[in-house]
Amino acid sequence: MIIEQQYIDLYNQAKGMINRHSSDVLNAPREQAFADFQKNGFPTKKSEEYKYTDVSEFFNLDYGFNLNRLAVPVDPYEVFKCDVPNLSSLLYFLVNDSYFAKPGVGKSLPASVFVGSLKDFSEKHPDLAAKHYGKLAKTENDGIVAFNTVFAQDGFVIYIPKGVTIEKPIQLVNIFRGDVDMMSNRRLLIIVEENAEAKLLSCDHTIDEGRKFLSTQVTEIFVGKDARFDFYEMEENGVDTCRVASTFVSQEANSNAVVNSITLHNGRTRNNYEVTLNGQHAETHLGGMAIVDKTQSVDNHTFIDHAVPHCTSHEMFKYVLDEKSIGAFTGRILVRKDAQKTEAYQTNKNICTTADAKMYTKPQLEIYADDVKCSHGATIGQIDENALFYLRARGISEKEARMLLKFAFMADVIDNIRMDAFKDRLKLLVEKRFRNELAKCAGCSGC
Amino acid sequence: MKRRKFNLMLEIKNLHANVNGKEILRGINLTVRPGEVHAIMGPNGSGKSTLSSVLAGNPVFEVTEGEVTFEGKNLLDLAPEERSCEGIFLSFQYPVEIPGVSMVNFMRTAINEHRKYKKQEPISASDFLKLMREKREVVELDNKLASRSVNEGFSGGEKKRNEIFQMAMLEPKLAILDETDSGLDIDALRIVANGVNKLKSEHNATLVITHYQRLLDYIKPEFVHVLYKGKIVKSAGPELALELEEKGYDWIKKELGE
Amino acid sequence: MQEEKDILDEVTTGDYKYGFVTDIDTEIIPIGLNEDVVRLISSKKNEPQWLLDFRLKAFRYWVTLPMPEWAHLQIPEIDYQSISYYAAPRKKEGPKSLDEVDPELLKTFDKLGISLVEQMALSGMAVDAVMDSVSVKTTFKEKLAEMGVIFCSFSEAVHDYPDLVQKYLASVVPYRDNFYAALNSAVFSDGSFVYIPKGVRCPMELSTYFRINAANTGQFERTLIVADDDAYVSYLEGCTAPMRDENQLHAAIVEIIAHDRAEIKYSTVQNWYPGDKDGKGGIYNFVTKRGICKGDSSKISWTQVETGSAVTWKYPSCILQGDNSVGEFYSVAVTNNHQQADTGTKMIHLGKNTKSTIVSKGISAGFSQNSYRGLVRITKNAENARNHSQCDSLLLSDKCGAHTFPYMEINNETAIVEHEATTSKISEDQIFYCNQRGISTEDAVGLIVNGYAKEVMNKLPMEFAVEAQKLLAISLEGSVG
């Protein structure tokens, strides 16, 4: 408990300040979360769930906190020029963990819809916020969720009431900016009510290279009956940024959700995705890709809970590992006793291109119902030598051929994206990444 | 045998090659000039496909002895892609499926690499599409196939037609057709062979590797070589192919005293 | 067809047919475990000092360990002090010939279908039979000895071949390996020892039958198999126990060592008493089995058919140390009623061009839980390692569970590792098709299950395959309804 102690002390000293700059809804679970954090601490490699990434190490640095909610001297509308071409989106910003509101920048949204600061939302709709906040992200199960709940003061919220469809994708840009090493603890809360529909593209960008950042993010997503929600997360952080993100999705009957995690560039990343299918005929598509080199590491830990019959889940994660990078994937699928007629399919495919790259994969099926169709497949290998020769025999250089094949390897993950402009943009970004042309997001002038 | 007095295109001298430590080619000698069509025949396991792979530079095979020159250059020093850009085209016996790489992207990349090699500018998108359209007709290739991933889900015949389509796109000097007739029905065979014939000129040469005579009814060779146990044991005119068709390979083995 | 008919007959009549108790004079030491018990076991077996020292070290380590809890198993607290750690058919001296063996004992093995006399006369299979803690008779010893093959009980080996035993004992499974390995190392009673000298192909299948008979006893046997350069041996293991209401403990260790170009095939048909339909009684089976392909181009192949035990905790593994060595694991695990199985393998690739294959077929019925747990580790220097794993689960009821927990840890980029898993049930179409051809539903299930498990069954030696096939059908009796 040595690493934890400094944070325990910090909370004890700064409790008042934290609460003052937040809202009642966010303050309510803080004490319980603090007790849970004191009890469990950060997970270590000894824990089966964290055996491939020592996340406690991420916290073993002296980070600055912006508990007093001072404005960060940056205007993201200036810094962030990049836009996915042809993607006419509703653009929002978080700078570190603060919601950035620019006066005069309005969005044409129906009045019943709320998109913006979590703190504002919980003051405007305290009942709605209290009904959902912290209900999926349980602080007793995971030390980092507890930690985030202790320190989170604000974040981002999407509330789409019954029957409303937001056609335009909502784009959330998270910017890490700091003059010292910084930690940010942010929350995302997404409520898509019955028969409503929305899409969110969220991306992480480190602006200040050379600074160390640590981001904890807890996302809770409620997808109501007959609702549809797409969530694309793209990480384009610097090598000195650590990210621990936990996403909890709860789906009701006939709902349809996409959760897609794209690690294009990062430092060290741990993503948890937990999807619970609570209503019959719910369908979920969980997937992602990781392209890593240098000493980057990505650990995606997923859990799909088929709690009721007649639900379908598709899961696909792909990794390309170069240089001294490390990849880990855990995919647990639980089919509960009465969840008959479940269909659950999982694949994890990985390419290691150097002797120093390491990959750990742990698919798990736990099935307690008999009338189900479940499968998983995992492979670790290299670029197919036959395909490589075929391309070279057509005059394509070895380097180019390797790039093409790596790109092709990722094609089906990109195909799962249900947002055409983003799909095209991502194809370009992935290709650039494999060509080593993309150290960071290309369109972002601040990078 | 009459040989035209053109320059040498391909010259193979005493070529030996191994795969996984096992010697497959045991001293091949062969000369090919522009405008010529050579057929290499031989029983299964004689080394026919190995020869085509070695010429294209497949890294699985190790050349242990001998020389191969192509238009005066030492071919064995060149990477597979350099050989391709120099004008060697291999029509694969088993074309490789590459999911995720579209035919269009694949062909444009190949064309541009060839142009870069010749110090030419990349082809414009409209010229490229025009070229695709034009060359597709050579082998009556469906437009739909061009929009799919390379060879993925193609039938056997479609794969072979796709090979000849690529050959038309890249306009090689030396085309090596490795068992291009295998797995083709008679109509597909005619389409493929017509495609090859349309592309033939006095400047390029063709090496047809086949087990059977039937492809040679369409693509007429001037020279027929019999490959056996890694060596060319007999060379003659087109009449040799007919003789092999009739008598099989046993008489050659007998001739060799086996 | 005749054979299939027999199987079906068994299905309709069979319960656990091995559940009888043999009434023979048995010497049992008092329950409980402490250093004195360890010393007592050692002295009863006239063991040399080094072996006693090994046992004591293991015991002292064991007392520091908690029972492992990571497996997907619900095991009630086991009171290790309420078990007797040594039981032996009472006798004055070891039997010199079959005539001296207690006739009751011989009848027991007759009932098990292993008549020692018959075995000697007919089948050309050498058998070592272990009852409770003591090896009672090894057949064919003389014939094997002519070729230099050593096949004897572990206790005999300790006295007759101390150098070999001392060299290889605990060289693959050290006593510190895990809780049950430590326990076994402290109190192991007997087992089989096999040594195949250089260049010898063992001319017959070697076989050991293990039987727990006495009440309130645990069985802790130890098997050690060594194949020297270019040697080959196929070894079979069978296990049964009487029906008793209380749970009995079985914690064995098997160590196998293959030197250069040696090949060892180890087949198991495990049919310990699984408990009754309500989950009462049955064997707790905690086994550590591991082989090392020490030499280049050596091969170890594990085949197991697991139908018995209330709880199975077992991961026959291969350490592929020699270059070009091969490890294989073929498993069928059937669980019915309230049985629980957590079984699988570990393939540790150390040498270059090493190859491993894993085929696991789980069949769950009733209220049972059936888990596959496996690890494939490719270490940094294991160039060109290859692994293919296939784990299939078949569910026969809506109250049971089938789980897979494969781990893949890859530290070398030249590796190709593939894992596939599927879960399915027998489709109504299949059953209907069989019904329409006049086959009852229960028989159809038997047929389909045997077809499903065929890939593994084919790896068993003939004699075992027939028995295993019958066992599958019996184990699943009454599971469809």
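Residues numbered from 1 in each chain as written. Chains lettered and ligands numbered in written order. Predicted model: local features only at pLDDT ≥ 70, side-chain atom pairs only at ≥ 80, totals over all residues. Heavy atoms only, no water.

K.L.:
Can you break down empty space enclosed by the protein residue by residue, with the values?
P.N.:
All names here are of chain C. In total, this model carries nine cavities of 30 Å³ or more according to the counting rule given. Empty space within the largest cavity amounts to approximately 110 Å³. Surrounding the largest cavity, 18 residues form its lining, Ser 360, Gly 362, Asn 370, Ser 371 and Tyr 372 being those nearest its centre. Elements with a contribution of two residues or more to the lining of the largest cavity: strand S18 (326-335), strand S19 (340-349), strand S20 (355-364), strand S21 (369-378), strand S22 (386-395) and strand S23 (401-410). No other element matches the four residues that S20 contributes to the lining of the largest cavity. (1 Å grid on protein atoms, 1.4 Å probe; cavity = no way out; pocket = protein on both sides within 12 Å on 5 of 7 lines; lining within 4 Å. Points joined across faces, edges and corners; volume = space filled by probe spheres on them. Helix = DSSP H or I, 4+ residues; strand = E, 2+ residues; numbered from the N terminus.)

K.L.:
Talk me through the packing of helix H3 (residues 49-62) of chain C against helix H9 (residues 179-187) of chain C; I want residue IDs and the actual numbers.
P.N.:
Residue and element names in this part refer to chain C. At a closest axis distance of 7 Å, the pairing of H3 and H9 adopts a crossing angle of 145°. In terms of crossing hand, the pair formed by H3 and H9 is left-handed. Along its contact with H3, which presents Phe 54, Arg 55, Ala 58, Phe 59, Tyr 61 and Trp 62, the element H9 presents Phe 179, Ala 182, Leu 183, Ser 185, Ala 186 and Val 187. The residue inventory of the contact of H3 with H9, partitioned by class, reads 10 nonpolar, one polar and one charged. (Axes fitted to C-alpha atoms, helices over the stretch in contact; angles between N-to-C directions. Left-handed = near helix turned anticlockwise from the far one by under 90°. Contact = heavy atoms within 4.5 Å. Nonpolar A, V, L, I, M, F, W, Y, C, P; charged D, E, K, R; others polar.)

K.L.:
An account of the pattern of salt bridges is requested, with residue identities and associated values reported.
P.N.:
All names here are of chain A. One pass over the full model with this rule turns up 50 salt bridges over all chains. For Arg 433, the salt bridge is made with Asp 293, and the minimal N-O distance between the two is 3.0 Å. Of this pair, Arg 433 sits in helix H11 (residues 420-434) while Asp 293 sits in the loop between strand S13 (283-292) and strand S14 (297-306); the two residues are 140 residues apart in sequence, bridging distant segments of the chain. Residues Arg 433 and Asp 293 agree in their burial class; the two are buried. (Salt bridge = Lys/Arg side-chain N within 4 Å of Asp/Glu carboxyl O. Buried < 20%, exposed > 50% of the residue type's maximum accessible area, 1.4 Å probe, protein only.)

K.L.:
Which residues make up the interface of chain C and chain A, and what values go with them?
P.N.:
Contact with chain C, which involves 34 residues of that partner, is made by 36 residues of chain A. Here chain C meets chain A over a buried area of about 2700 Å², counting both sides, of which 48% is carbon and sulfur. Here chain C and chain A share one salt bridge between them. Asp356(A) serves as the salt-bridge partner of Lys380(C), at 3.1 Å between the closest nitrogen and oxygen. (Buried area = accessible area lost by both parts, 1.4 Å probe.)

K.L.:
Which residues make up the interface of chain B and chain A, and what values go with them?
P.N.:
Residue-level contacts link 32 residues of chain B with 17 residues of chain A. Interface area for chain B against chain A, summed over the two sides, is near 1900 Å², with a carbon-plus-sulfur share of 68%. For the salt bridge of Arg392(A) with Glu81(B), the shortest nitrogen-to-oxygen distance reads 2.5 Å. There are 12 residue pairs in polar contact (both at pLDDT 80 or more) connecting chain B and chain A. Elements that contribute at least two residues to the side of chain B that touches chain A include exactly helix H1 (48-56), helix H2 (80-86), strand S6 (88-91), strand S7 (98-102), helix H3 (103-117) and helix H6 (156-170) of chain B. Residues belonging to the side of chain B that touches chain A are distributed by class as follows: 18 nonpolar, 11 polar and three charged. (Polar contact = N/O pair within 3.5 Å; in protein donor to acceptor, adjacent residues only side chain to side chain.)

K.L.:
Describe the sheet that holds strand S4 (residues 61-70) of chain B, naming the residues involved and giving the relevant values.
P.N.:
Residue and element names in this part refer to chain B. One open sheet accounts for four strands, arranged S2-S1-S4-S5; its pairing is antiparallel. Edge strands, defined here as strands with exactly one partner in the open sheet, are strand S2 (22-32) and strand S5 (73-74). Sheet topology note: the strand S1 (residues 10-19)/S2 ladder contains eight bridges and is antiparallel. Counted as the bridge partner of Ala 17 is Leu 25 from S2. Sheet strands touched by H1: S1, S2 and S4. Its angle to S1, the strand with the most contacts, is close to 110°. (Pairing = 2+ DSSP bridges.)

K.L.:
Describe the pairing of strand S16 (residues 326-335) of chain A, with residues and values.
P.N.:
Residues and elements named next belong to chain A. When you tally the buried positions in S16, you get eight out of 10 residues, the bulk of the element. Where S14 meets S16, 10 bridges bridge the pair, whose relative direction is parallel. Note that in S16 the partner of Phe 303 across the bridge is Arg 332. Relative to strand S18 (residues 358-367), S16 runs parallel, the two sharing 10 bridges. Paired with Thr 330 across the strands is Lys 362, a residue of S18.

K.L.:
Summarise the sheet that holds strand S11 (residues 223-228) of chain B; cite the residues concerned and give the values.
P.N.:
Residues and elements named next belong to chain B. On the basis of which strands lie adjacent, the open sheet formed by six strands has the order S6-S9-S10-S3-S11-S12 and mixed pairing. Each end of this open sheet is capped by a strand with a single partner; those strands are S6 and strand S12 (231-236). When strand polarity is set aside, the average angle formed by the axes of neighbouring strands in this sheet is 20°. Inspection of the sheet shows strand S3 (residues 37-41) paired to strand S10 (residues 205-209) by four bridges, in the parallel sense.

K.L.:
Please provide a residue-by-residue account of helix H2 (residues 35-44) of chain C, values included.
P.N.:
Residues and elements named next belong to chain C. Within H2, burial applies to Val 37, Val 38, Ile 41 and Ser 42. One side of H2 carries all its buried residues, which in axial view fall inside an arc of 135°. Next to the buried residues of H2 lie H3 and H9. N-capping of H2 is provided by Asn 34, with a side-chain oxygen placed 2.9 Å from the backbone N of Asp 36. (Arc of directions from axis to C-beta.)

K.L.:
Explain helix H3 (residues 30-40) of chain A to me, and be specific about the residues and the numbers.
P.N.:
Residue and element names in this part refer to chain A. Within H3, burial applies to Arg 30, Ala 33, Phe 34, Asp 36 and Phe 37. Within H3, the buried residues cover an arc of 165° as seen down the axis, which keeps them to one side. One or two steps after H3, the chain reaches Gly 41, where phi turns positive at roughly 65°.

Remember that the coordinates give geometry; whether it matters functionally is a separate question.
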